[in-house]
Amino acid sequence: MSFNKQTLIVAFALFSLFFGAGNLILPPFLGYNAGTSWPLVSIGFAISAVIIPIMAIYGHARLQGTLMDFAKKVSPLFALIYALIIYAISVTLPSSRTASVTYEMAIVPYFSMSSLTLSALYFALVLVFALNRTHILSLIGKFLTPFIILILLVIISIGLFADVTPMSDTIFKNTFTDGILEGYQTFDAIAGVVVGGVIVVSLALQGTLNYEEKKTMIAKAGLLAGFGLVLIYGGLIALGATYNTTIVTEDRVQLLTDLSQSTLGNIGTSFLGVLVALACLTTAVGIVTGTADFAKKIAGNSQVAYVVTAVVSCIIGVVVGQFDVHYIIDIALPALMFIYPITIALIILNVLPQKIASPLVFRLVVIVTFLFSIPDFLQFFTTSETLDVIKTYIPFAGVSMGWVLPALFAFVVGNLIGFRGRG
């Protein structure tokens, strides 16, 4: 398989879009808690944080449309509602989390400033960039990501060969599925359905490639980006596991800071903090700009809609971003348990051949996935015995995967109905 220069550029862009700064803090802590079971938890994490998102990119390569096109086989109304929910979650959680990560990694160790003050200043800067588009951030991103990758590879390489005490056993009851569920927190599947459309539009604007050429390029770039993500995520998980008896902490950000301190010292840790802060800023601007673009389009290309959406998104960022990372991760869980199964179902259906992924199959699978995700969503708001009884009758519901087999059953039934109709 050959890779030309443009394919490598697209692969690097995809990697940069997926590898948000907030994602840095998840793998080490996952490995830290997994201990000797880190290979198994890594596989679970890779499924939801790498394989599914890259499948989303391939789905976009086939569709070559927008986020709305990703769900239109269910219905145009559903596609609109789904897109609204995706963008609402994006500006509320991952965007806000970038301010929180910046505060904890780049501000707290060196400056005396409240989280609210930092959050307000941070999103004021995000708004300036969102309302005055320039190439500055894209240029920063091109140089920023290689530096972060280089530092992480150095930290991983030094850390894995360090002389530390043997790692302890996992604290997880279901290591594999816990790895999958932690991968939800990267928001990468959501990123896949959003940024895949951005990549398609960007290539279309160049006007030099036909459908098949774009499809092949995006697919190859996705494979390269996926390999890079697996390498970094796997290394960080292994590193966290290696130090799980040497470092004592219950804080994700602190663990990453301690790991960099142990391998690179004070200067390296400070440098990593600055790079992470810049990466957080570019991620937040990308989310706010993308959300405002969507609002502008559905409002008939209204610039007022763009400005209002950008301002509201930044206000939300200020409110949520003042909380610590752990709190934001906790409040994200219900939303992720609701939207992630539907997103995964849509991604897989868009990758499958059209003859077994008809509109009927789309509708059945999405409806069933939604219904069987409700218990996982409600468990965060009630301790009802009735809910517990219901979950005992649903396979894998005990590990928050109760939607999987019903969705597969709906897929089979939908195709049987389709084949009988054609027969």
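Right above here is the structure, for reference.
In this text the structure is predicted, and so the values were computed from the model without any measurement. Every chain is numbered independently, its residues counted from 1 as its sequence is written. Local features are withheld for residues below a pLDDT of 70 in this predicted model, meaning they are given only at 70 or higher, and side-chain atom pairs are given and counted only at 80 or more; totals for whole chains, interfaces and linings count all residues. Each side-chain value is worked out from all heavy atoms of the structure, with water and hydrogens disregarded.

Asker: Explain the overall build of the chain to me, using residue names and the numbers behind them.
Answerer: Scanning the chain for helices and strands turns up 17 helices and zero strands. The quantity called the radius of gyration is restricted to C-alpha atoms. Its globule counterpart is 2.2 Å times the number of residues to the power 0.38. Over its C-alpha trace the chain gives a radius of gyration of 21 Å, about what one expects of a compact globule, namely 22 Å for 423 residues. For the chain, the C-alpha atoms occupy an extent of roughly 70 × 50 × 45 Å along the three principal directions. The classification of residues rests on relative accessible area computed with a 1.4 Å probe and restricted to protein chains. Under 20% of the type maximum is buried, over 50% is exposed, and intermediate values are partly exposed. When each of the 423 residues of the chain is scored for burial, the buried share is 52%. We call two residues in contact when some of their heavy atoms are within 4.5 Å. In the chain, 83% of the contacts between residues at least 6 apart in sequence involve partners at least 24 apart. Put simply, DSSP H or I for four residues or longer makes a helix, DSSP E for two residues or longer makes a strand, and each gets a number counted from the N terminus.

Asker: An account of empty space enclosed by the protein is needed here, citing residue identities and associated values.
Answerer: Two kinds of site are reported from a 1 Å grid over the protein atoms alone, namely cavities, where a 1.4 Å probe fits but cannot get out, and pockets, open sets with protein on both sides within 12 Å along at least five of seven lines, and residues are called lining when an atom falls within 4 Å of a point. Grid points are joined across faces, edges and corners, and a volume is the space filled by probe spheres set on the points. Counted according to the given criterion, the structure contains one cavity of 30 Å³ or more. In this structure, the largest cavity occupies an estimated 40 Å³ of space. Looking at the largest cavity, the residues that line it are Glu104, Asp251, Arg252, Val253, Val325 and His326. Mapped by element, the contributors of at least two residues to the lining of the largest cavity are helix H12 (252-298) and helix H14 (325-351). Three classes are used, and their members are as follows: Ala, Val, Leu, Ile, Met, Phe, Trp, Tyr, Cys and Pro are nonpolar, Asp, Glu, Lys and Arg are charged, and the others, Gly among them, are polar. When grouped by side-chain class, the residues that make up the lining of the largest cavity number two nonpolar, one polar and three charged.

Asker: Quick rundown of the packing of aromatic side chains? Include the residues and the values.
Answerer: For this analysis, a ring pair means two rings from Phe, Tyr or Trp (six-membered ring only for Trp) whose centres lie within 6.5 Å, classed as stacked if their planes differ by under 30 degrees, edge-to-face if by over 60, and tilted for the remaining angles. For the structure shown, the criterion picks out 11 aromatic pairs. Taking the centre distance of 4.8 Å and the plane angle of 40° together, the rings of Phe323 and Tyr327 count as tilted. The partly exposed category is assigned to Tyr327, whose relative accessible area is 38%. With a centroid separation of 5.1 Å and 55° between ring planes, the pair formed by Phe377 and Phe381 is classed as tilted. A residue is classified by how much of its surface remains accessible, and Phe377, at 26% relative accessible area, is partly exposed. Classification of Phe381 by relative accessible area gives exposed; the value is 55%. Joined through ring pairs, the aromatic side chains of Phe338, Phe370, Phe377 and Phe381 make up one cluster.

That's the geometry; what it means functionally is another story.
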